[in-house]
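# Residue-level structure breakdown
Single-letter residue listing:
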Amino acid sequence: MISVRDTRSQELYARALQYLPGGVNSPVRAMRAIGRRNPLFVERGEGAELIDVDGNTFVDWVCSWGPLILGHAEPGVLDAVEEAARAGTTFGAPTAGEVELAEEVSRRIPGVEMLRMTSSGTEAAMSAIRLARAATGREKLLKFAGAYHGHVDGLLAQAGSGLATQAIPSSPGVPAAATAATVVVPWNDAEALVRATGEHEFAALLAEPFPANMGLVPPEAGFLELLRERASATGALLVFDEVISGFRVAGGGVQELTGVLPDLTILGKVLGGGLPAAAFGGSRELMELIAPAGDVYHGGTLSGNPVAVAAGLATLAQLDEQAYLRLHATTAALADGLREAAGTVPVEVSFATGLLTVFFSDEPVRDYEGARRCDLDRYGAWCRQLLARGVYPPPSQFEAWFPSLAHTAEHVERTLEAAHAAFAEVA
Ligand SMILES: *Cc1c(COP(=O)(O)O)cnc(C)c1O
């Protein structure tokens, strides 16, 4: 086993454990899913690389879990952020930037005519649900097993046992009443979807159209179309959570790629260009139910924050057709190379432009149960080997790799070399 310097990060981790639960501010950062490793403490990022506090350099395939489609410290984004910050970091009053960003988003995302900005994807999901419930006069929600929509009480839900359709909380502290109106259905299961939408009157059918929080598990042919059809036929709103996929798999997200249009769209991550910004949007008719146009409440001290908006605009400005072709080529090269590097280790690599997952499985993964059946211990051992060789993969198989425009052929090459050696170690 190659060893990396970790004196300073050991020391920081010990201190962090005294003051931050688990030493972190979001659980996956603790890297517990891959076992026997301390978190990475970051000193700085440069393009597609991270340098930790001990001076180790990593090719970064996490890129802050999705926002950094241009890579770290991109000069155009930094200039925009600096200029915005110098003019004042927050006003709690409208600015030109938020109007420009709203126009730009609505130009790109087919299902968004109008939008409301928030500070996090969680908040956008929470408010989109409130809007769907207000618009339909219904309370029930359908979500898919393995999909993540932020830490909203009603969506921290898992399927109940046996024939119970009512979901149960997936975290202590979530009241049973909060998930009682949620029904959880297996992804890609047409029969279960048709059954559930026949049995319940839903306010919203919620989906990550390219789910990437159980690893990337794309929809099977016709599944998104079926979702659209069931929503329309039953009077439910179709809500696409494109917090990851929006501006990543294509300029207009999965809805542009597939032509399946939701009633409401949740956006985040790339939208804020590395600063906290998210949004939910849809038709003018639905969005004008939001206060003060209508009376569905949503507000936020830092909503539409001028610095975050500047970072978002500067990021979107670089995302043209050429950029997506390049991002696709990088992702495809990585996917092909990883499949080849695996040798005798059974893996299934799934990818879409800017998203990729290596499942340690000998059969294609089509739902959450399939993702859970993978050899997660071996995935963890493989990740530790990659980290020891200067490559930072998502330290959980339930998270996607996030290639960026800063990743070059050389980064892919370096990664594949490390992956080759890492597969050999775990074969
Ligand atoms: C990250 C994520 C969220 C939550 O966004 P936060 O900004 O972390 O609150 C919601 N939905 C999806 C699909 C996500 O990946």
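Residues numbered from 1 in each chain as written. Predicted model: local features only at pLDDT ≥ 70, side-chain atom pairs only at ≥ 80, totals over all residues. Heavy atoms only, no water.

Here the focus is unusual backbone geometry. Residues apart from glycine generally show negative phi values, whereas peptide bonds are mostly found in trans. For the bond running from Ala291 to Pro292, omega is 10°, close enough to zero to count as cis. Following the sequence through the fold, Pro292 ends up in the loop between α9 (284-287) and α10 (306-317). Residues other than glycine seldom take positive phi values, yet Cys63 does so here, at roughly 45°. For Cys63, a relative accessible area of 0% translates into the label buried. Look at Ser64: it is not a glycine, yet its phi comes out positive at around 60°. Relative to the assigned elements, Ser64 resides in the loop between β3 (57-60) and α2 (75-86). (Helix = DSSP H or I, 4+ residues; strand = E, 2+ residues; numbered from the N terminus. Buried < 20%, exposed > 50% of the residue type's maximum accessible area, 1.4 Å probe, protein only.)

Residues Phe144, Leu338, Val358, Trp382, Tyr392, Trp401 and Phe423 are the most contacted members of the largest nonpolar core, which totals 75 residues. For this core, the element with the most residues is helix α14 (residues 409-426), which contributes 7 residues. Taken together, domain 1 (7-60 + 320-426) and domain 2 (75-316) each give at least three residues to this core, which thus spans both. In contact with Trp382, not counting residues within four places along its chain, are Leu338, Val358, Phe360, Trp401, Ala419, Ala422, Phe423 and Val426. Counting 30 residues, the second largest nonpolar core, distinct from the first, contains Val77, Val105, Ala311 and Leu316. (Core = buried A, V, L, I, M, F, W, Y, C linked by side-chain atoms within 4.5 Å. Domains from an automatic or database assignment. Contact = heavy atoms within 4.5 Å.)

Surrounding the ligand, one finds Ser120, Gly121, Thr122, Tyr148, His149, Gly150, Glu208, Asn213, Asp241, Val243, Ile244 and Lys269. At 2.7 Å from an oxygen atom of the ligand is found a side-chain nitrogen or oxygen belonging to Thr122. For the ligand, the protein covers 82% of the area, taking 380 Å² as the surface of the free molecule. Counted by class, the shell around the ligand contains 3 nonpolar, 6 polar and 3 charged residues. (Near = heavy atom within 4 Å. Polar contact = N/O pair within 3.5 Å; in protein donor to acceptor, adjacent residues only side chain to side chain. Areas by Shrake-Rupley, 256 points an atom, 1.4 Å probe, with all protein chains shown as cover. Nonpolar A, V, L, I, M, F, W, Y, C, P; charged D, E, K, R; others polar.)

A separate point is the layout of surface pockets. Its volume calculated, the second largest pocket comes out at about 570 Å³. In terms of residue count, strand β4 (residues 114-118) provides more of the lining of the second largest pocket than any other element does, 4 residues in total. For the lining of the second largest pocket, the residue count by class is 15 nonpolar, 10 polar and 3 charged. (1 Å grid on protein atoms, 1.4 Å probe; cavity = no way out; pocket = protein on both sides within 12 Å on 5 of 7 lines; lining within 4 Å. Points joined across faces, edges and corners; volume = space filled by probe spheres on them.)

To continue, consider the pairing of strand β8 (residues 182-185). Burial along β8 is two-sided: the face carrying Thr182 and Val184 and the face carrying Val183 and Val185 are both buried. Pairing between strand β5 (residues 140-144) and β8: 4 bridges, direction parallel. Across the sheet, residue Phe144 finds its bridge partner in β8, namely Val185. (Pairing = 2+ DSSP bridges.)

Quick look at the packing of helix α11 (residues 321-341) against α14 now. It is the contact of α11 with α14, at a shortest axis distance of 9 Å, that shows an interaxial angle of 20°. Judged by the inter-axis angle, α11 sits roughly parallel to α14. Between α11 and α14 lies a crossing whose hand is right-handed. Mapping the contact onto sequence places Thr330, Ala333, Leu334, Gly337, Leu338 and Ala341 in α11 and Val412, Thr415, Leu416, Ala419, His420 and Phe423 in α14. In the contact of α11 with α14, the residues fall into 8 nonpolar, 4 polar and no charged. (Axes fitted to C-alpha atoms, helices over the stretch in contact; angles between N-to-C directions. Parallel < 35°, antiparallel > 145°, perpendicular 65-115°, else oblique. Left-handed = near helix turned anticlockwise from the far one by under 90°.)

Our next topic: the pattern of salt bridges. With the rule as written, the count across this model stands at 17 salt bridges. We note a salt bridge from Arg339 to Asp336, for which the minimum N-O separation is 3.2 Å. Placement of the pair is Arg339 and Asp336 together in helix α11, with a separation of 3 residues, close to one helical turn. The closest approach of N and O atoms between Asp375 and Arg378, which form a salt bridge, is 3.9 Å. Judged by relative accessible area, Asp375 falls into the partly exposed class, the value being 34%. Relative accessible area serves as the criterion here: at 25%, Arg378 is assigned to the partly exposed category. Through salt bridges with shared partners, a single ionic network connects Arg8, Glu11 and Arg15. (Salt bridge = Lys/Arg side-chain N within 4 Å of Asp/Glu carboxyl O.)

Our next topic: the sheet that holds strand β1 (residues 42-46). Strands in a sheet are paired, the pairing made by backbone hydrogen bonds, and the direction either parallel or antiparallel. If you trace the 4 strands from one edge of the open sheet to the other, you get β1-β2-β3-β15, paired in mixed fashion. With partners counted over all chains shown, the strands left at the sheet margins are β1 and β15 (391-392), one partner each. Relative to strand β2 (residues 49-52), β1 runs antiparallel, the two being bridged by 4 bridges. If you follow Gly45 over to β2, its bridge partner there is Leu50.

Before going further, it helps to spend a moment on the domain arrangement of the protein chain. By domain assignment, the protein chain separates into domain 1 (7-60 + 320-426) and domain 2 (75-316). Once you take the C-alpha centre of each, domain 1 and domain 2 turn out to be 26 Å apart. Counting residues at the interface gives 22 residues for domain 1 and 18 residues for domain 2. Together, the buried faces of domain 1 and domain 2 total about 1,600 Å²; carbon and sulfur atoms form 57% of this surface. Summed over the three residues of domain 1 that lose the most area to domain 2, namely Tyr324, Leu355 and Arg366, the buried surface amounts to 36% of that side. Taken together, the links from domain 1 to domain 2 amount to 1 salt bridge. Counting only elements with at least two residues in the side of domain 1 that touches domain 2, the list comes to α11, β13 (348-352), β14 (355-359) and α12 (368-372). Per element, the largest residue contribution to the side of domain 1 that touches domain 2 is 4 residues, and it comes from β14. (Buried area = accessible area lost by both parts, 1.4 Å probe.)

Let us look at the state of the cysteines. Across all of its chains, the model carries 0 disulfides by this definition. As a non-bridged cysteine, Cys63 has Cys383 as the owner of its nearest cysteine sulfur, 15 Å distant. (Disulfide = S-S within 2.5 Å.)

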